[in-house]
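Results of the structural survey
So you can see what is in the structure, the chains are spelled out below.
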Amino acid sequence: MVFSYSHKDEDLRDQLETHITLLKRQGFISTWHDRKILGGEKWEGVIDDNFKRADLILLLVSSDFVASDYCYEIEMRTSLERDRMGEARVVPVILRDCVWQDAPFGKLHALPKDGKPITSWPNRDEAWKDVAVGIKNVVEELRSKGRNP
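Remember, predicted model here, so these are calculated numbers, not experimental data.

Quick look at the side chain of S62 now. The topology assignment puts S62 in the loop between β2 (56–61) and α4 (63–67). From its side chain, S62 meets the backbone nitrogen of D64 in a polar contact 3.2 Å long. Not counting the four nearest positions on each side in its chain, S62 is found in contact with D9, R96 and C98.

So this is what it looks like as structure tokens:
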């Protein structure tokens with residue numbers, strides 16, 4: 001599983017990783033994001049390789065994600081093309097309130113429930129739990145089709 005996100009949302013990405021740790025411990029998923037790039041590696045090639053191999057891609061949506069040329073024009077478009085071809089599943093996770101419904105990924109079912117932004121839930125743990133359950137459901141479906149996110 002790969003995360004596409006704005007670095008301004010890194011704290012929220014870290015919170016999501018904490019909430020899906022049990023899925024990692026159970027062997028359901030492994031995760032990757034650009035902060036795992038090692039010194040001396042060509043970052044663009046490493047990012048491209050991971051996005052081309054991932055069975056599950058999470059778009060961590062905020063106004064900063066939409067404003068990021070790299071997230072929007074490269075990662076998101078590559079991800080949606082792979083989704084269209086049946087090579088990967090793309091799931092938008094709405095982090096912060098912004099205009100996203102008319103974006104190219106706006107027709108995809110977003111997490112958490114009803115696309116309500118994580119930061120607007122009174123209890124953020126409940127929001128993250130909803131996302132984690134949604135991810136688990138997607139992973140179970142992908143695994144039933146012989147794929148291993």
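Moving on from the model shown.
Moving on, we get to the pairing of strand β3 (residues 89–94). Buried residues dominate β3, accounting for 5 of its 6 residues. The sheet contact formed by β2 and β3 spans 6 bridges and is parallel. Residue pairing in the sheet places L56 in a bridge with R89 of β3.

All right, on to the packing of aromatic side chains then. Per the counting criterion, the structure on display carries 2 aromatic pairs. An angle of 75° between the planes, with centres 6.1 Å apart, marks the rings of F65 and F105 as edge-to-face. Note that F65 is positioned in helix α4 and F105 in the loop between β3 and α6 (124–144), a separation of 40 residues in sequence. Judged by relative accessible area, which is 0%, F65 ranks as buried. The class for F105 is buried, based on a relative accessible area of 0%. An angle of 5° between the planes, with centres 6.5 Å apart, marks the rings of W100 and F105 as stacked. Like F105, W100 is buried.

Using the criterion set out here, one finds 13 salt bridges in the structure. Measuring nitrogen to oxygen at the nearest pair gives 2.6 Å for the salt bridge that ties R84 to E81. Placement of both R84 and E81 in helix α5 (residues 69–84) is noted, with a separation of 3 residues, approximately one turn of the helix. A relative accessible area of 61% places R84 in the exposed class. With a closest N to O distance of 3.5 Å, E140 and K136 form a salt bridge. Placement of the pair is E140 and K136 together in helix α6, with a separation of 4 residues, close to one helical turn. On the basis of relative accessible area, E140 is assigned to the partly exposed category, the value being 34%.

Conventions used here
Residues numbered from 1 in each chain as written. Predicted model: local features only at pLDDT ≥ 70, side-chain atom pairs only at ≥ 80, totals over all residues. Heavy atoms only, no water. Helix = DSSP H or I, 4+ residues; strand = E, 2+ residues; numbered from the N terminus. Polar contact = N/O pair within 3.5 Å; in protein donor to acceptor, adjacent residues only side chain to side chain. Contact = heavy atoms within 4.5 Å. Buried < 20%, exposed > 50% of the residue type's maximum accessible area, 1.4 Å probe, protein only. Pairing = 2+ DSSP bridges. Phe/Tyr/Trp six-rings, centres within 6.5 Å; stacked < 30°, edge-to-face > 60°. Salt bridge = Lys/Arg side-chain N within 4 Å of Asp/Glu carboxyl O.

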